[in-house]
Structures are given as structure tokens and as C-alpha cells.
Amino acid sequence: MYSQGLKDAEGGQEPAGLLKAFQARIDKEEKIEPRDWMPDAYRQTLIRQMSQHAHSEIVGQLPEGNWITRAPTLKRKMILLAKVQDEAGHGLYIYSATETLGITRAEMNEQLLSGEAKYSSIFNYPTPSWADMGAVGWLVDGAAIMNQVPLCRASYGPYARSMVRICKEESFHQRQGYDIMTSLARGSAAQKKMAQDSLNRFWWPALMMFGPSDKDSTHSAQSMKWKIKRFSNDELRQKFIDATVPQAEHLGLTIPDKDLNWNEETGHYDFGEIDWQEFINVIKGNGPCEAAEVYQQKKIQS
């Protein structure tokens, strides 16, 4: 007897008995290890998600690395340099974990450079001011933490274990970003304006980091069934907004959303409609910095 839902790498049906036993292990919160039997669809889902995650860590170094020599103080340079080194390590951890699924590092690199594999859409936006290093740390790494802390309980063992250290370091990254924004918000009028301008540019792209809305998400339902993910895109996005709005208020900065409002009935913030067409355009490779990011990666690889 074979399942009508999942197919193996050759397009044949996966054995129903194995699928049932596999799902039972997932439901019992057992970790799946590299030598364990797993559906090919589970394996391919992990390869897609984990390689994209690793690519994002590596590509995410580029805008930050560009600011190391231009950071305003020696302390800021040292902190930013340490952060870039952390991101490189995160990419290597996750690449190594992904290799346990049967794909090579060279194959993943080729998929990135060819455009077959994606990385986080946020890194296709420019960072022209020093305040952007604060916004990236505060908002981008803050959104990453919302996504990644639940991954410490992902069903695939190597992925879950790699995330423990990564999440600790990402917490430092968020704090250093918020510290930059705090210094600017409490500085001169020009510095506070710089912080507000950066928040205006990065707020909506940060919300897009959680992926499409649940009704439009292709992979979320199955990933949650397999406990690769623990929360839906919309749940994580709402948690991020609820946590971040008070932080902006503490800084004296304004979230660029005229529809943002606390809803006493739901206990959450209501917020405006995300420009999903912009998200789609960026995902398709039409982001403001996409060509430059891929060019830099090709230079590094050559």
C-alpha cells in the first residue's frame, strides 16, 4: 500500500507504512537524524529551507562588511567585525547540517550563484547610512530571532542543534543594532532623523521576511505538520510586531504604518496591508541590490 500524497525522488509513491511510522515519530517529538529513513519530500523541504537559511547568513555579511571601515568609532568597528564573523560561522554551521541530507557544498553554492536557490529578500535592499546598521541589527536580526528560536525544536536533529548557538549570537546582534538606534535617537536632530529614515525604509521589508501570508504560503502547512516549523508565517509576523512597536516607542521613533493600532479585543496590534507585489518582485530577482549581491558572491567564489 502506498501514499497518494508524497512522492520519492524518482516520482514513485512513498510506502504508506513508512510514512505513518515517520509521522508517528514526529508527533512524539523524536528527532530525525541523518541515517534515519525520511520521506524524500521531507528531505527536499529541509534542503530548500536550510540552504536558503545558510545563503542568507552568508549574503547578509555583505552590507555589514561594507560598513566596517566606515563605522564611526573603533568600538563600533570591532562590534561590527565580530558580527560579520558570527554570520560567516552561522552559514558554515547550516551548510554543514544541510550536507547531512545528501547535497554537497559545491551544489549549494552553484544553486545560489545561478539563482536557483534564494536567500532572504531583506538583503536586496540598500544600506546607504550608518543608521541602517542599527536597523538591520534591531529589525532584521529581531525578525530572524522570531523565526529561529522555534527552529531549536525543529524535528531534524542537525538543524535544531545548529540553531542553539546561532540564536544566542543573534540575540547579541539584535542588541547591538538597538544600541545603535538608541544612540542616534538620543543624539542630535539630524541623527534622530537618520534613525527614523532607516526605520521607514526597513520596516516593511522586515515584515516581509516572515514570508507570504498563510493563505498564500506553499510550504507552511506541511512544514508545520513535520514540525520543521512550529508557527505559521502570520503568527510569527504578529509576534514580531507586538514585540517591536513598544521598542520603537521607547526610542521616540514612529512606525511607518498609519493603520497601526492596538486592538484591545485581540490583544495584538492591527497593522496595514503589506505590499506583496514588491515582495514578489524581490523574490523574482528584481530587488534593488540583487545583482550586486550575486556579483559579490561570484567574486568571492572565483
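Everything numeric here is computed off the predicted structure, so don't read it as measured data.

Colleague: Teacher, can you tell me more about the nonpolar core here?
Modeller: Soluble globular proteins tend to bury their nonpolar side chains together. Grouped together as the largest cluster of nonpolar side chains are 49 residues, with contacts concentrated most on Trp138, Leu139, Phe202, Trp203 and Phe240. Every element with two or more residues in this core is listed here: helix H4 (74-99), helix H6 (131-148), helix H7 (157-185), helix H8 (189-208), helix H10 (233-251) and helix H11 (276-286). Those residues in contact with Leu139, other than ones at most four positions away along the chain, are Leu199, Phe202, Trp203, Ala206, Phe240 and Thr244.

Colleague: Where do I start with helix H1 (residues 16-27) in this structure?
Modeller: Think of an α-helix as 3.6 residues a turn; residues three or four steps apart then line up on the same face. With 12 residues, H1 ought to run about 16 Å at 1.5 Å a step, and its terminal C-alpha atoms sit 16 Å apart, in line with that. Among all positions of H1, only Leu19, Phe22, Gln23 and Ile26 are buried. For H1, the arc enclosing every buried residue in end-on projection is 95°, short of the 170-degree limit, so these residues lie on one face. Taken from the residues just after H1, Glu29 is the one with a positive phi, measuring 65°.

Colleague: In this structure, what is going on with helix H5 (residues 105-114)? I would like to understand it.
Modeller: Of the positions making up H5, those classed as buried are Met108, Asn109, Gln111, Leu112 and Leu113. Where H5 ends, the next residue or the one after it, Gly115, has phi of about 90°, a positive value.

Colleague: Is there a simple way to think about the packing of aromatic side chains in this case?
Modeller: Between two aromatic rings, the relevant description is the distance of the centres plus the angle of the planes. Throughout the structure, instances matching the rule amount to nine aromatic pairs. Arranged with centres 6.1 Å apart and planes meeting at 80°, the rings of Phe22 and Trp37 form a pair that is edge-to-face. Of the two residues, Phe22 is situated in helix H1 and Trp37 in the loop between H1 and helix H2 (40-59); the sequence distance between them amounts to 15 residues. The structure contains a cluster of three or more aromatic residues connected by ring pairs, namely Phe22, Trp37, Tyr42 and Trp226. Above the plane of the ring of Trp67 lies Arg70, whose end atom (NZ or CZ) is 3.9 Å from the centre.

Colleague: I'm lost on the pattern of salt bridges in this one. Help?
Modeller: Two side chains carrying opposite charge are able to pair once their charged atoms lie near each other. Applying the stated criterion to the full structure yields 16 salt bridges. Across the salt bridge formed by Glu30 and Arg25, the nearest N and O atoms sit 2.7 Å from each other. Across the pair Glu30 and Lys28 runs a salt bridge whose closest N-O atoms are separated by 3.5 Å. Through salt bridges with shared partners, one network takes in Arg25, Lys28, Glu30 and Asp36.

The rules behind these values
Residues numbered from 1 in each chain as written. Predicted model: local features only at pLDDT ≥ 70, side-chain atom pairs only at ≥ 80, totals over all residues. Heavy atoms only, no water. Core = buried A, V, L, I, M, F, W, Y, C linked by side-chain atoms within 4.5 Å. Buried < 20%, exposed > 50% of the residue type's maximum accessible area, 1.4 Å probe, protein only. Helix = DSSP H or I, 4+ residues; strand = E, 2+ residues; numbered from the N terminus. Contact = heavy atoms within 4.5 Å. Expected span 1.5 Å × (residues − 1). Arc of directions from axis to C-beta. Phe/Tyr/Trp six-rings, centres within 6.5 Å; stacked < 30°, edge-to-face > 60°. Lys NZ or Arg CZ within 6 Å of the ring centre and 35° of its normal. Salt bridge = Lys/Arg side-chain N within 4 Å of Asp/Glu carboxyl O.

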